[in-house]
Amino acid sequence: MYEFVTGPLAWLSFGIFFIGLLYRLVWYIRGLNWQMDRVTYSVNVAYGIRGALRSIFFWLVPFGTHSWRFYPGFTILVFVFHICLLATPIFLMGHNVLLLERFGFSLPTLPEGLADVMTLAVIVAAVFIILRRIALPEVRILTKPYDFLVLAIAVAPFLTGFLAYHQVGSYDFWIVAHVLSGEIMLVAIPFTKLSHFLLFFLSRAQLGMDYGIKRGGMKNKGMAW
Amino acid sequence: MPEGILCNKQVVDTKEKLNALLADKSGKQYYAEMKLLDVDTKALWATLEKTCRSRLRTWLEICAHCGMCADSCYFYLANDKDPKQVPSYKIQSTLGEIIKRKGKVDNDFMRMVMDTAWSKCSCCNRCATYCPFGIDMGVMLGYVRGLCFAQGFVPWELKIGSGMHRIYNAQMDITTEDWVDTCEWMAEEYEEDWPGLEIPVDKENADIIYTVNAREPKHYPEDLAEAAILFHLAGENWTVPSQGWEETSLAMFAGDWGACKIQVESVYAAMDRLKPKRMVVTECGHAYRATVIEGPYWAGLKSGKTPVESFHYVEWVAEALRTGKLKIDPAKRIKEPVTYQDSCNYVRNAGLGDCAREIMSYVAEDFREMRPCREHNFCCGGGGGLNGIGLYRQQRNTALKVKRDQILATGAKMVVAPCHNCWDAIRDLEEVYKIGIRWTFLKPMLLGMVEVPEHFKPQEE
């Protein structure tokens with residue numbers, strides 16, 4: 001089982017992940033239309049690029065925008081969640097050992113204790129995100145079961161990985177569950193709301209170009225996000 | 001009844017149709033007919049398939065339902081944080097639902113969509129600046145307005161307004177003759193006080209072509225005279241076009257994209273005809289948004305720019321003060337606390353926040369910013385056409401509360417509001433809530449404080 005999920009199934013999931021994202025990228029860009037979107041994407045290009053970069057940059061900085069500053073608690077939650085969610089699997093010792101064995105290279109790795117804390121941070125942040133969804137009327141009204149499913153898909157690899165690492169119950173069971181849930185996440189990214197993995201950047205770039213070209217960017221120092 | 005006599009899917013492009021609508025007091029028959037109007041679900045879906053493309057679909061799809069747009073919306077704040085006023089909810093429950101049902105929606109649903117698109121959103125686009133994904137729900141509800149308009153679900157006043165643009169190339173029934181007469185009348189009226197004052201019509205190769213809001217010639221012709229006096233004092237070589245003088249666009253508020261194109265093309269034609277160096281538009285926010293910001297796209301101008309470079313009135317005033325074309329008498333600067341209403345259309349959506357501050361630095365001794373301000377300012381409460389829709393007067397009055405509280409917090413009794421919609425909303429705000437404030441456009445304020453050199457004054461007999 002372990003060989004199967006870390007072998008052919010892993011290749012398949014990574015394949016779907018990359019091809020799916022490539023499809024989303026092409027679909028998004030091909031769907032843009034200067035006249036309907038009212039942004040001259042291919043004219044005033046320098047202003048567009050500046051607007052796009054500013055729009056992405058300020059939103060990647062914790063407290064970098066008015067909105068992030070307006071909701072400080074949630075902002076911390078969002079950044080902790082996303083940073084740990086992305087950094088932990090990439091720099092995890094265990095994953096890099098696999099990389100080295102199979103591909104002959106590895107990345108710098110996180111101390112195991114820190115990786116453990118970061119894994120827990122993802123789980124705890126997710127719990128708070130769920131509580132917020134239920135507690136706040138303005139979030140509850142937007143919430144659908146799908147939102148919980150997407151969050152579950154994103155958190156499952158961390159929960160199962162944590163249980164496997166600490167050998168709670170059967171290691172063999174949890175490690176297979178861990179790999180499988182990771183693969184489910186990879187496959188889900190292009191086809192669910194998790195596509196914001198890529199579309200965050202495209203959507204931000206698009207609105208940034210809108211502001212950079214049309215909504216004042218050619219007359220002022222740039223939108224004060 | 002699939003189509004009403006007054007409320008239907010047709011555009012208003014004849015005086016007969018327009019007069020029939022105008023004769024229907026407050027749109028009583030119009031709205032009664034709307035309750036029976038059929039939805040052409042096939043046409044609706046065909047439009048969506050053609051025009052709802054990757055940008056909008058991505059916005060709808062990736063919305064994380066996080067609720068960070070909630071507090072950005074003044075309707076949400078003014079309505080005691082009613083969750084149904086959360087911008088994301090407003091778009092998911094309208095456009096999101098129409099797409100989910102592949103356009104198969106009924107009359108009740110479309111009337112709910114109309115209420116949402118016009119009485120719960122003024123397309124101020126503030127939510128877009130609070131969404132981490134950059135989802136612009138104002139743009140989307142503007143798009144929804146277009147879908148509603150094509151199906152005949154549009155507030156009565158805006159159906160009339162868009163018809164006016166199609167028939168008169170203006171938001172009101174002002175003919176070329178009326179307009180030119182008004183210009184001549186105003187020039188004559190003020191000539192005695194301002195020797196040499198002119199309102200030159202159709203002068204070619206002027207430095208400035210000046211364009212207005214139809215309300216000015218119709219209801220406040222002295223505004224035109226004030227503009228003329230200030231240009232005169234500043235020594236500008238300017239003109240107004242006999243045709244293509246109207247910058248506003250109720251068609252934009254109505255979602256009548258065909259009329260939007262017709263309207264802005266009339267202004268661009270005047271630019272091409274008279275070949276001015278640049279265009280300056282009066283103190284109106286949506287006029288600038290329509291003709292300068294969005295207009296080039298409706299007209300298919302690939303540069304995204306108007307045929308000649310275009311400026312809002314605040315840009316011209318800031319420049320005139322900076323270069324000394326207009327000088328403020330230091331003794332006449334405003335001493336009392338004064339605040340400034342940033343119009344969403346030319347500040348958040350066109351980046352002219354600096355001009356306002358520059359002007360205030362010349363004219364006011366105790367300038368107090370509203371909080372938030374500039375790009376993050378709240379809509380006055382009457383934008384997006386809401387001021388003019390009788391059906392939604394109560395919703396508009398409620399929405400004014402946010403601006404009321406912002407103004408009160410500054411302690412200022414005077415509000416400078418260089419935008420017709422903001423100016424109206426603040427006037428109505430005072431009428432409804434009686435907070436003891438005054439409000440002004442820039443022109444009358446400047447006229448009261450500019451230095452007038454001797455040779456501009458009438459010679460004593």
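From a predicted model like this one, the values you see are computed outputs, not experimental measurements.

Asks: Would you mind showing me how to read helix α6 (residues 72-91) of chain A here?
Replies: Every α-helical turn comprises 3.6 residues, leaving residues that sit three or four positions apart pointing alike. Residues and elements named next belong to chain A. For α6, built from 20 residues, the straight-helix expectation of 28 Å at 1.5 Å per residue is met to within 8% by its first-to-last C-alpha distance of 28 Å. Burial in α6 covers these residues: Phe 81, Cys 84, Leu 85 and Thr 88. Buried residues belonging to α6 abut α8 (112-135) and α10 (145-165).

Asks: Looking at this structure, how should I read the environment of Gly448(B)?
Replies: Residues and elements named next belong to chain B. Mapping Gly 448 onto the fold places it in the segment after α21 (442-447). Using a count of 12 C-beta atoms within 10 Å as the deciding quantity, one classes Gly 448 as exposed. A sequence separation of 116 residues divides Gly 448 from Lys 332, and the C-alpha atoms of the two residues are 7.6 Å apart.

Asks: Looking at this model, I keep getting lost on the pairing of strand β4 (residues 309-312) of chain B. Mind explaining?
Replies: Successive residues of a regular strand alternate their side chains across the two faces of the sheet. Residues and elements named next belong to chain B. Summarising the sheet, strand β3 (residues 278-281) and β4 pair through 4 bridges and their orientation is parallel. Bridge pairing links Val 280 to Phe 311 in β4. Assessed by its sense of winding, the connection that carries the chain from β3 through helix α15 (residues 285-298) to β4 is right-handed.

Asks: What exactly am I supposed to notice about the packing of α6(A) against α8(A) here?
Replies: Two numbers describe a pair of packed helices, the interaxial angle and the distance between the axes. Residue and element names in this part refer to chain A. It is the contact of α6 with α8, at a shortest axis distance of 9 Å, that shows an interaxial angle of 140°. With respect to each other, α6 and α8 are oriented oblique. For the pair α6 and α8, the crossing hand works out as left-handed. Mapping the contact onto sequence places Phe 74, Leu 77, Val 80, Phe 81, Cys 84, Leu 85, Ala 87 and Thr 88 in α6 and Ala 115, Met 118, Thr 119, Ala 121, Val 122, Ala 125, Ala 126, Phe 128, Ile 129 and Arg 132 in α8. By residue class, the composition of the contact of α6 with α8 is 15 nonpolar, 2 polar and 1 charged.

Asks: It is not clear to me how the sheet that holds β4(B) should be interpreted in this structure. Could you clarify?
Replies: Each strand in a sheet pairs with its neighbour through backbone hydrogen bonds, running either in the same direction (parallel) or in the opposite one (antiparallel). All names here are of chain B. On the basis of which strands lie adjacent, the open sheet formed by 4 strands has the order β2-β1-β3-β4 and parallel pairing. Each edge of the open sheet carries a strand with a single partner, namely β2 (238-239) and β4. Across the face of the sheet, helix α16 (residues 313-322) comes into contact with β3 and β4 while running at roughly 85° to β4.

Asks: For this particular structure, what's the right way to read the confidence of the model for chain B?
Replies: Considering every residue of chain B, the mean pLDDT works out to 97; 99% of them sit at 70 or more. At the level of chain-chain contacts, confidence expressed as ipTM amounts to 0.96, with global pTM at 0.97.

Asks: Would you take a moment to explain the domain arrangement of chain B for this structure?
Replies: Many authors give the size of an interface as the accessible area that is lost as the parts come together. All names here are of chain B. Assigned domains of chain B: these are domain 1 (39-154), domain 2 (165-321) and domain 3 (328-447). On a C-alpha basis, the centroid separation for the pair domain 1 and domain 3 is 27 Å. The interface is formed by 14 residues belonging to domain 1 together with 19 residues belonging to domain 3. A breakdown of the residues in the side of domain 1 that touches domain 3 according to their chemical character gives 8 nonpolar, 5 polar and 1 charged.

Asks: Honestly, the interface of chain A and chain B in this entry has me stumped. Any pointers?
Replies: Contact residues are listed per partner, giving 45 residues for chain A and 43 residues for chain B. Those elements that place two or more of their residues in the side of chain A that touches chain B are α2 (8-31), α3 (34-37), α4 (45-60), α5 (66-70), α9 (137-140) and α12 (196-214) of chain A. With 9 residues, α12(A) is the single largest residue contributor to the side of chain A that touches chain B. When its residues are assigned to classes, the side of chain A that touches chain B shows 20 nonpolar, 16 polar and 9 charged.

Asks: Looking at this model, I keep getting lost on the sheet that holds strand β8 (residues 438-440) of chain B. Mind explaining?
Replies: Residue and element names in this part refer to chain B. Spatially, 4 strands are ordered β6-β5-β7-β8 in an open sheet, and the strand pairing comes out parallel. This sheet does not close on itself; its edge strands, each paired only once, are β6 (364-367) and β8. Shown here is a sheet whose adjacent strand axes are inclined to one another by a mean of 40°, direction ignored. Taken together, the 3 bridges between strand β5 (residues 334-340) and β6 define a ladder with parallel strand orientation. Within β6, the residue paired with Val 338 across the bridge is Phe 367.

Rules used throughout
Position numbers for residues count from 1 along each chain, tracking the sequence in the order it is written. Here every chain gets a letter starting at A, and every ligand a number starting at 1, in the order they are written. Per-residue local features are limited, in this predicted model, to residues with pLDDT of at least 70; the limit for side-chain atom pairs, both in listing and counting, is 80 or more; totals at the level of whole chains, interfaces and linings are taken over all residues. Counting from the N terminus, the helices are the DSSP runs of H or I reaching at least four residues and the strands are the DSSP runs of E reaching at least two. By this rule the span expected of a helix is its residue count minus one, scaled by 1.5 Å. A residue is called partly exposed when the number of other C-beta atoms within 10 Å of its own lies between 12 and 20, exposed at 12 or fewer, and buried at 20 or more, with C-beta atoms placed from the backbone. Think of it this way: build a C-beta for each residue from its backbone, and any pair within 7 Å is a contact. Strands are treated as partners if at least two bridges between them are detected by DSSP. We call a crossover right-handed when, viewed with the strands running away from us, the connection from the first strand over the helix to the second turns clockwise. For helices, the fitted line uses only the C-alpha atoms of the stretch in contact; every axis is such a line through C-alpha atoms, and the angle between N-to-C directions lies from 0 to 180 degrees. Between 65 and 115 degrees an angle is taken as roughly perpendicular, under 35 as roughly parallel, over 145 as roughly antiparallel, and anywhere else as oblique. Working rule for handedness: look at the near helix, and if it is turned counterclockwise from the far one by less than a right angle, call the crossing left-handed; if clockwise, right-handed. Here the nonpolar group is Ala, Val, Leu, Ile, Met, Phe, Trp, Tyr, Cys and Pro; Asp, Glu, Lys and Arg are the charged ones; every other residue, Gly included, is treated as polar. Confidence of the predictor in every single residue is expressed as pLDDT, which spans 0 to 100. An automatic or database domain assignment provides the domain bounds reported here.

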